[in-house]
Amino acid sequence: MLKHNLGYPRIGIQRELKKACEAYWSDKIDRNTLFEIGKKIRIENLKMQEKEDLDLIPCNDFSFYDHVLDMSLLLGVISESYLSIPVIHHNIDLCFSMARGFQKDGWDVKAMEMTKWFNTNYHYIVPEFEKNQKFSIFSHKIFDELKESKNVLKSIKKIKPVLIGPVSYLFLGKEKEKSFHKMDLIENLIPTYIEIINKLKNKGINWIQLDEPILVLDMSEKEKKVFKYAYKEISKFCDGINILLTSYFDGISENISLFQDVSIQALHIDLVEDSNQLEKILSFFSEESEMILSLGLIDGRNIWRNNYANSIKKIEKTIKIVGEDRIMIAPSCSLLHVPIDIEYENSIHIDIKNRMAFARQKIGELNDLEKIVRGNQNILLRNSSLFKKTSSIFHDHKIKERVARITNEDIQRDNPFYIRQKKQKKKFHLPVFPTTTIGSFPQTKEIRSLRNKFRKKELSKEEYDEKIKNLIVDVIKKQEEIDLDVLVHGEFERTDMVEYFSEKLKGILSTENGWVQSYGSRCVKPPVIYGDVDRIGNMTVEWICFAQTKTKKLMKGMLTGPVTILQWSFVREDQPIYYTAYQIAWAIREEVLSLEKSGIQIIQIDEPAIREGLPLKKRNWKYYFDWAIKAFRLSSSGVKDETQIHTHMCYSEFNDILEHIANMDADVITIETSRSKMELLKAFSVFSYPNEIGPGVYDIHSPRIPTVEEMFDLIEKASKKLPIRNIWVNPDCGLKTRKWKEVLISLHNMTKAAKMARIKLS
């Protein structure tokens, strides 16, 4: 029985990678220093996994920005617009330019499109394919890191290079033009994969991991045909190396027949997200296959300890059918999605901490499972006692009873949107193409230092509050100078849009060092929902009301929605997920009503994760939307018609869920459209989306400053797809991660573009 890992967090225990990348982008460190920091993280990861006695350790799971972008560089899928920049002399700068855009020395090249990695909060850079796209080895990163791994690990036999599989890579990309289908590129692509695999084999590698998460989706007949072709070719031309094909985030039982004529050595399945698939997979293995089966038993996306008794049952069932020599055990997916080490947490209640496992502990759990299989029952008994122990901190029956009493009236506004819209337009007197931002403004080094001093008690609450108020006054003046129509207070008191609320709600905790990569250098600390959730008191009212007193313009109340708080947290597993969603929704509802009562007339309840939470298989969509939409409406439906409810969603594909977005019944929705050049709005137009929309005209995930003309062009495109009376003008996301200099110029350009549109388009 082999123990292996699919991937390890790459940010460093103290976010060393984030700090290094941002220092490099700011010209504070040179390239060699950046590379040394990356090397140090990789070596630490390798040594830790070797110490934990893994049989196979991943290599090439590290990235300075994104592993999908790394794959594009490896395969030479690079637009000429980036290759032609003469001042770029190294692959790392090419990588960063593709991810972040390049605006320097007279060159102005936009960043590539970014979207969510399946149903996670990780963002990847979308590959862009041309008709008759050519592929060839461009980057040698994988070979360099293999050489490094050989020098670190005691045996080359432990090294398992990781690549995104060819079919999933094509699936994740997009066609630059509509005259071809990306899957038709498989014949061009496979020879390069074969070349890479054989190069790795010739360097002494025994195992290589090919990630094919496309297998958990509802694959089209074309995709299935492409898959069979790809792996028949790889099997034919890559003899003498063991291919471990991995799937994760759901089950593959519907697609198991694809392996009948495909010769690979091992298949990995995710038994955390779909434990029911094991029966069908084992049936296939016993009748058709001599492959090794890798069981994904340790949850790679949540932080709770593994229930060893459940895992052992699966291991024993598998051994009985396929034999111990044909079984591997592993986490369900890459550990990229969890924090690194629970031992760096010092303030979590012991009853909760004892039930938690971060990446390092999850590697250790594989060892525990092997020892139990070998007969160590003491480990099993200790683990079982954790799950039997109950504590009052996990359960509050009053909160559970309140959720049980929710009625249909609680999730309905008083009147339909067309009536509400008339009342709101009469009340607010906003111009056509009203301008606003999504909520946050730059979180500078000074603000982070201020927050840190407050945490360390170097500042009193009164001193801290006064400084935050000064920042709010300043950002209001800046917005008034820019001439935005609807203002925000800047969110300077908030570390993160979810973490902030977790600190104000009962039943949720924040970690000290539980960092997880979201994209590039952007890291978040997902809260931990461990018990029943309740609102203790006002969470935002004081700050929003203070901001409103400092301007005559409309001030938006800013809240995070229940589905996003749920999706961007590590969620308890001892009750149905919808139950937890309704508890959070009720807490947000109480805050919404408190804001309305305090005179705030526009309230934004952000739900950027509504699409991300969607199950990967369509048969499960109805169940998800039934509770997710109900949760949002529960949070937003208690207000009067005149109170305008906004929501925000970003970096997701909405085409196939527009009916459900409309059912959310928000008065205004703001969405990302700048990187995709308003392509998304065609679907909204065909669907005849009934409510108001703010299609983002300014890509905030890049430091590049958009011009007035290009933002006007995007507004003009939107006006051809949507009724002008329903269009708002805004950035595509919050501005927290940007710098003030670029933000001020960009927002000035945005308001100029909106004013130009009022003259030319309305």
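Source: prediction; values computed, not measured.

Comments concerning the overall build of the chain
Stage number 1. Within the chain one finds 27 helices and 25 strands.
Stage number 2. The globule rule puts the C-alpha radius of gyration for 762 residues at 27 Å, and the 26 Å found for the chain is close to it.
Stage number 3. By principal-axis analysis of the C-alpha atoms, the chain measures approximately 70 × 65 × 50 Å.
Stage number 4. Every one of the 762 residues in the chain was classed for burial, and the buried ones make up 64%.
Stage number 5. Pairs at least 24 residues apart make up 80% of the contacts formed inside the chain by residues separated by at least 6 positions.
Stage number 6. Entry remark: accessible area of the chain is about 29,900 Å², with carbon and sulfur atoms responsible for 48%.
Stage number 7. Of the charged side chains in the chain, 115 are positive and 107 negative, and the gap between their average positions amounts to 2 Å.

Thoughts on the side chain of serine 253
Stage number 1. With respect to the helices and strands, serine 253 occurs in the loop between β11 (242–246) and β12 (266–270).
Stage number 2. The contacts of serine 253, once residues within four sequence positions are left out, are Gln277, Lys280 and Ile281.

Some remarks on the sheet that holds strand β2 (residues 57–59)
Stage number 1. Ordered by their spatial adjacency, eight strands build an open sheet running β1-β14-β13-β12-β11-β10-β8-β2, and the pairing between neighbours is parallel. Since the sheet does not close on itself, it has two edges, and those belong to β1 (2–3) and β2, each with one partner.
Stage number 2. Pairing between strand β10 (residues 207–211) and β11: five bridges, direction parallel. Across the sheet, the residue bridging to tryptophan 207 is asparagine 242, located in β11.
Stage number 3. In this fold helix α11 (residues 308–322) packs onto β13 (292–298) and β14 (327–331), with an angle of close to 175° to the strand it touches most, β13.

Digging into the pattern of salt bridges
Stage number 1. The full count for this structure, using the stated rule, is 48 salt bridges.
Stage number 2. Taking the shortest distance from any N to any O, the salt bridge between arginine 42 and glutamate 145 comes out at 4.0 Å. With a gap of 103 residues between them, arginine 42 in helix α2 (residues 31–51) and glutamate 145 in helix α6 (residues 141–152) connect regions that are remote in the sequence.
Stage number 3. Residue glutamate 145 is classed as buried on the basis of its relative accessible area of 6%.
Stage number 4. In this structure, the salt-bridge partner of glutamate 148 is arginine 42, at a minimum N-O distance of 2.7 Å. Note that glutamate 148 is positioned in helix α6 and arginine 42 in helix α2, a separation of 106 residues in sequence. Arginine 42 matches glutamate 148 in its accessibility class, with the two residues each being buried.
Stage number 5. Salt bridges sharing common partners tie together Arg42, Asp70, Lys141, Glu145 and Glu148.

Points about the packing of α2 against α6
Stage number 1. Put simply, α2 and α6 touch, their axes get as near as 10 Å, and they point 50° apart. Relative to α6, the element α2 lies oblique. Helix-helix and strand crossings are classified by hand; for α2 and α6 the assignment is right-handed. Listed contacts from α6 to Lys39, Arg42, Ile43, Leu46, Lys47 and Glu50 of α2 are Glu145, Glu148, Ser149 and Val152.

A closer look at the nonpolar core
Stage number 1. Judged by nonpolar contacts, the single largest core of 119 residues is most densely connected at Tyr169, Tyr231 and Phe259.
Stage number 2. No other element matches the eight residues that helix α8 (residues 186–202) contributes to this core.
Stage number 3. Residues contacting tyrosine 169, with those up to four places away along its chain left out, are Val68, Met71, Ser72, Leu75, Val77, Pro127, Phe129, Phe135, Ile164, Leu189 and Tyr193.
Stage number 4. Membership of the second largest hydrophobic core comes to 103 residues, among which are Ala581, Val592, Ile671 and Phe712.

Here we look at the state of the cysteines
Stage number 1. All chains considered together, the criterion is met by zero disulfides.
Stage number 2. Among the cysteines around cysteine 333, which has no disulfide bond, cysteine 523 carries the closest sulfur, lying 17 Å off.
Stage number 3. Its relative accessible area of 0% is what places cysteine 333 among the buried residues.

Notes on the packing of aromatic side chains
We describe a pair of aromatic rings using the distance from one ring centre to the other and the angle between the two ring planes.
Stage number 1. What the rule picks out here adds up to 24 aromatic pairs.
Stage number 2. Between tryptophan 25 and tyrosine 65 the ring centres are 6.2 Å apart and the planes differ by 50°, which places this aromatic pair in the tilted class. Here tyrosine 65 lies in the loop between β2 and α3 (67–75) and tryptophan 25 lies in helix α1 (residues 16–25), a separation of 40 residues in the sequence.
Stage number 3. A ring pair is formed by tyrosine 248 and phenylalanine 249, whose centres lie 4.8 Å apart and whose planes are at 75°; its orientation type is edge-to-face. With respect to burial, tyrosine 248 and phenylalanine 249 carry one shared label: buried.

With respect to the environment of arginine 704
Stage number 1. Within the secondary structure, arginine 704 is located in the loop between β25 (692–695) and α26 (708–721).
Stage number 2. Exposure remark for arginine 704: the relative accessible area of 9% places this residue in the buried category.
Stage number 3. Taking the C-alpha atoms as reference points, arginine 704 and tryptophan 568, separated by 136 residues in sequence, lie 28 Å from one another.
Stage number 4. The contacts of arginine 704, once residues within four sequence positions are left out, are Gln103, Asp108, Val109, Lys110 and Glu710.

Cut-offs applied
Residues numbered from 1 in each chain as written. Predicted model: local features only at pLDDT ≥ 70, side-chain atom pairs only at ≥ 80, totals over all residues. Heavy atoms only, no water. Helix = DSSP H or I, 4+ residues; strand = E, 2+ residues; numbered from the N terminus. Rg over C-alpha atoms; globule rule 2.2 N^0.38 Å. Buried < 20%, exposed > 50% of the residue type's maximum accessible area, 1.4 Å probe, protein only. Contact = heavy atoms within 4.5 Å. Areas by Shrake-Rupley, 256 points an atom, 1.4 Å probe, with all protein chains shown as cover. Lys, Arg positive; Asp, Glu negative; His and termini not counted. Charge placed at Lys NZ, Arg CZ, Asp CG, Glu CD. Pairing = 2+ DSSP bridges. Axes fitted to C-alpha atoms, helices over the stretch in contact; angles between N-to-C directions. Salt bridge = Lys/Arg side-chain N within 4 Å of Asp/Glu carboxyl O. Parallel < 35°, antiparallel > 145°, perpendicular 65-115°, else oblique. Left-handed = near helix turned anticlockwise from the far one by under 90°. Core = buried A, V, L, I, M, F, W, Y, C linked by side-chain atoms within 4.5 Å. Disulfide = S-S within 2.5 Å. Phe/Tyr/Trp six-rings, centres within 6.5 Å; stacked < 30°, edge-to-face > 60°.

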